[in-house]
Protein chains: 2
Amino acid sequence: MRATLMYEAGDVRVETVPDSRIEEPTDALVRVTAACICGSDLHPYHSMTAENGSARMGHEFIGIVEDTGTAVTTLKKGDLVVAPFAISDGTCEYCREGLQTSCVHGSFWDTQPREGGQAEAVRVPFADGTLVKLPVDADSALIPSLLTLSDVLGTGYHAAVRGGVKPGSTVTVIGDGAVGLLAVLSAKRLGAEQIILMGRHQARTDLGREFGATDVVSERGDEGIQKVRDLTGGQGTRVVLEAVGHMPAYEQAYGIVRPGGTISRVGVPQYEAAPVGFGSLFGKNVTLTGGPAPTRAYIEELMPDILNGSIEPGKVFDTTTDLDGVPAGYKAMDERRNLKVLVTP
Amino acid sequence: MRATLMYEAGDVRVETVPDSRIEEPTDALVRVTAACICGSDLHPYHSMTAENGSARMGHEFIGIVEDTGTAVTTLKKGDLVVAPFAISDGTCEYCREGLQTSCVHGSFWDTQPREGGQAEAVRVPFADGTLVKLPVDADSALIPSLLTLSDVLGTGYHAAVRGGVKPGSTVTVIGDGAVGLLAVLSAKRLGAEQIILMGRHQARTDLGREFGATDVVSERGDEGIQKVRDLTGGQGTRVVLEAVGHMPAYEQAYGIVRPGGTISRVGVPQYEAAPVGFGSLFGKNVTLTGGPAPTRAYIEELMPDILNGSIEPGKVFDTTTDLDGVPAGYKAMDERRNLKVLVTP
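Think of each chain on its own: its residues are numbered from 1, step by step along the sequence as written. A letter from A marks each chain and a number from 1 marks each ligand, given out in the order of writing. For this predicted model, a pLDDT threshold of at least 70 governs which residues receive local features, and a threshold of 80 or more governs which side-chain atom pairs are given and counted, while totals over whole chains, interfaces and linings are taken from all residues. Note: side-chain values were computed over all heavy atoms of the structure, leaving out hydrogens and water.

For chain A, the name recorded in an unreviewed UniProt entry is Zinc-dependent alcohol dehydrogenase family protein, with Herbiconiux oxytropis as its organism.

So this is what it looks like as structure tokens:
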């Protein structure tokens, strides 16, 4: 079969690899019908070194179950399924409380050495816990929106949920990537009154307005902070959703957040240490929360809104390619020529 | 009048200073009847440099109103009052929502150049907003417990409230100072089921057990983290209350907290940057919260428990001195010979 591998920063190739197959009784083998490239795939695309060998890429996919291990009970051959970006057993205490990213048997697709979603097929561990059956056909017009349940919609939603967005909230979203835009949509869905989107790419911020942003701030740094203050009576917003992961976004977040407010991060931090002392978080009683989104936890809640058309998160996809086009897709997303690339293997 | 001044690290003196007096219509002049030395006073006692001149000390006191400005409406001469460690106007949006430490006209006693609680008298700005009348006499046996409403009880309680402690919670408290011990009492009051106190000073941890600690861990660092894990089925506690403020306590906190849990800090951070990335907070979806406690917000809630004897936070005072004994009191607390020193000017 064919699959996407990254060898080092900037070097993505589609190659023939050994066919994925059932290995454990809890596995399912899924033939991928739709996958995509993630903003977080761009982090290794910038920084990966060659020394540890290549990595299989892709953690978002929809596909058709082709085979199941003997212990799989909820899925059968022919089912169309969506996979969250984290593998989870569905039964441990963390899975039961909706924190599947901390599943005691869990892992991330990005750490699987021989599997990935940007491929023709994937072996899915703990299939009963990980996969969710979709009530549509593989060629449904809803596929792009349903594919966002893998990661970007659930991640934006996690940001908003952890940030405590509720009816009447004032919210700033930092980042106009797919996650940032879907954080806007999520904040709107949870009833936010004011949603300030910080981004400078107009096609994206226009989509952000369509998703519910009430204001757009294209300035960054101190200038951006001042602009948000101007929009909020000098106080900043109670909630800041940080959907980037770089230090300038973090610094912007604590500059913008209102005293007593919450910064919710879902951009994978490209730093380990950051300001948290009296001058940044502590003095203002600011809460810092967030983490890798347990998107599995949100699928049942969000899917009906997609099926009935009340949200259309699939609008974040602005181009479609086949597997051969994946390396060019990385380049286009890296150069911000495309927002998010849909892949149909 | 006489007051306490710190000149630099280790140099505390009681000196004659100009009498405090009403300056603004919203002021009250309070004759101090009980004050104390705070664990946070030990931070400048370790690090203060002489270059910016001396500082007036003391941010916790009870006293008798001696005079009021023309705009003060809720207090009159002769009232016994308690002062929180933050000055607040009582009317701004932050005060109304219970975040008086972010009051738009507010400040901390520690930043007042010519006032402090370790003195014979204090000019209190925004007296109507700041002070709370006490329904007892100045020689009541309840004074030590009521004095903890200024800071250490409210601060321990803020830690527990922000940490989201609720019936059945598992909690670790880091630090066996007065705030840590009263964080134990607060966690107990909010219904925590397991309260692990990390501290190595037996007289203090014994008081912690009396306040509700179910377990005491005297080990620190990795050994302490392992001990807490052993007590919690390997997972850590859902809530960690950090009542120290030094980096090793922070590191211990993220080592101990259960995935999805909350670290609530009330020890004034003696650092600005700290780990918050994938390996510390983000990967485990850990929430970091806390800050300077708006103790004013908790006085009405906690005072009845003191008046009816159901809590006795004043037990944290293990010695009493007059003003002349204040420098020796700093030394005794610094050397951990005393837990907390009550001062009767």
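This is not the end of the story, as more comes after the structure.
Caption draft 1: Broad picture of the domain arrangement of chain A. Residue and element names in this part refer to chain A. Where each domain begins and ends follows an automated or database-derived domain assignment. The domain architecture assigned to chain A consists of domain 1 (2-151 + 294-343) and domain 2 (153-290). Each of domain 1 and domain 2 has a C-alpha centre, and these two points are 26 Å apart. Should any heavy atoms of two residues lie within 4.5 Å, those residues are considered in contact. Taken together, the contacts link 22 residues of domain 1 with 23 residues of domain 2. Salt bridges, as used here, are contacts in which a Lys or Arg side-chain nitrogen is within 4 Å of a carboxyl oxygen on Asp or Glu. Counting across the domain 1 and domain 2 interface gives 4 salt bridges. Of the charged contacts, one joins K315 and E210 as a salt bridge, the two residues approaching to 2.2 Å between their closest N and O atoms. Each polar contact in these results corresponds to two N or O atoms within 3.5 Å; when the atoms are within protein, one needs to be able to donate a hydrogen and the other to accept it, and residues that are neighboring in sequence are counted only if both atoms are side-chain atoms. Summed over the shared surface of domain 1 and domain 2, the number is 14 residue pairs in polar contact (both at pLDDT 80 or more). Among the elements that line the side of domain 1 that touches domain 2, the one with the most residues is helix α10 (residues 299-307), at 4 residues. Amino acids are sorted into nonpolar (Ala, Val, Leu, Ile, Met, Phe, Trp, Tyr, Cys and Pro), charged (Asp, Glu, Lys and Arg) and polar (every other residue, Gly among them). For the side of domain 1 that touches domain 2, a count of residues per class yields 11 nonpolar, 4 polar and 7 charged. To qualify as a helix, a DSSP run of H or I must reach at least 4 residues; to qualify as a strand, a run of E must reach at least 2; elements of each kind are numbered from the N terminus.

Caption draft 2: Region of the structure containing the UniProt feature "domain: Alcohol dehydrogenase-like N-terminal" (unreviewed entry) in chain A. Using the residue numbers shown here, the UniProt feature "domain: Alcohol dehydrogenase-like N-terminal" (unreviewed entry) corresponds to residues 25-135 of chain A. Along residues 25-135 of chain A one finds 13% helix and 30% strand; the C-alpha atoms at either end are 25 Å apart. UniProt positions are given in the numbering used here, feature names are shortened, and annotations may be inferred rather than shown by experiment.

Caption draft 3: Structural view of the relation of the copies chain A and chain B. Only residues with pLDDT of at least 70 in both copies count here: their C-alpha atoms drive the least-squares fit that superposes the copies. Mapping chain A onto chain B calls for a rotation angle of 180 degrees and an axial translation of 0.0 Å; the resulting RMSD is 0.0 Å. Both chain copies can therefore be described as sitting about a two-fold axis. Looking at the interface residues of chain A, 100% of them are also at the interface in chain B, so both copies use one shared face.

Caption draft 4: Region of the structure containing the interface of chain A and chain B. The interface of chain A with chain B comprises 41 residues on the first partner and 41 residues on the second. Buried area counts how much accessible surface, traced with a 1.4 Å probe, disappears from two parts once they are put together, with both parts' losses summed. Together, E272, F282 and N285 of chain A form the three largest contributors to the area buried by chain A at its contact with chain B, with a combined 22%. At the junction of chain A and chain B, the tally comes to 6 salt bridges. Here chain A is connected to chain B by 32 residue pairs in polar contact (both at pLDDT 80 or more). For the side of chain A that touches chain B, the class distribution of residues is 18 nonpolar, 15 polar and 8 charged. DSSP-based pairing: two strands are paired if at least 2 bridges between them are found. Relative to strand β16 (residues 273-275) of chain B, strand β16 (residues 273-275) of chain A runs antiparallel, the two sharing 3 bridges. Looking across to β16 of chain B, one finds that A273 of chain A is bridged to P275 of chain B.

Caption draft 5: Quick look at the UniProt feature "domain: Alcohol dehydrogenase-like C-terminal" (unreviewed entry) in chain A. As annotated by UniProt and renumbered to match this structure, "domain: Alcohol dehydrogenase-like C-terminal" (unreviewed entry) occupies residues 178-303 of chain A. For residues 178-303 of chain A, the end-to-end C-alpha separation is 18 Å, with 38% helix and 24% strand making up the annotated structure.

Caption draft 6: Up close: the pattern of salt bridges. This model, assessed by the stated rule, comprises 44 salt bridges over all chains. As a salt-bridge pair, R238 of chain A and E97 of chain B come within 3.0 Å of each other at their nearest N and O atoms. Note that R238 of chain A is positioned in strand β14 (residues 237-242) and E97 of chain B in the loop between α2 (93-96) and β8 (107-108), a pairing that runs across two chains. The salt bridge involving E23 of chain B is made with R114 of chain B; its shortest N-O contact spans 3.3 Å. Here the residue E23 of chain B occupies a position in the loop between β2 (11-16) and β3 (28-36), and R114 of chain B occupies one in the loop between β8 and β9 (121-124), the gap between them amounting to 91 residues.

Caption draft 7: Just the packing of aromatic side chains, in detail. Two aromatic rings, drawn from Phe, Tyr or Trp (for Trp, its six-membered ring), form a pair once their centres lie within 6.5 Å of each other, and the interplanar angle then sorts them: stacked below 30 degrees, edge-to-face above 60, tilted otherwise. Under the definition given, this model contains 16 aromatic pairs over all chains. Between Y45 of chain A and Y330 of chain A the ring centres are 5.5 Å apart and the planes differ by 35 degrees, which places this aromatic pair in the tilted class. Of this pair, Y45 of chain A sits in helix α1 (residues 42-47) while Y330 of chain A sits in helix α11 (residues 326-334), and the two are 285 residues apart along the sequence. Only protein chains enter the accessibility calculation, which uses a 1.4 Å probe; a residue whose area is less than 20% of its type maximum is buried, one above 50% is exposed, and one in between is partly exposed. By relative accessible area, which is 9% here, Y45 of chain A ends up buried. Ring-pair connections join several aromatic residues into one group, and the members of that group are F85 and F108 of chain A together with F278 and F282 of chain B. Of note, R13 of chain A hangs over the ring of Y7 of chain A, and the distance from its end group to the ring centre comes to 3.8 Å. In our convention, an over-ring charge means Lys NZ or Arg CZ found within 6 Å of a ring centre and within 35 degrees of that ring's normal.

Caption draft 8: The arrangement of helix α7 (residues 202-211) of chain A in detail. Residues and elements named next belong to chain A. Three or more residues of α7 are buried, namely R204, T205, L207, G208 and F211. Take α7 and look down its axis: the buried residues cluster within an arc of 155 degrees, on one side only. Exposed side of α7, more than 90 degrees from the buried face: Q202, A203 and E210 are the residues found there. Here the buried face of α7 lies against α6 (178-189), β12 (194-198) and β13 (215-217). What the arc describes is the spread of directions from the helix axis to the C-beta atoms.

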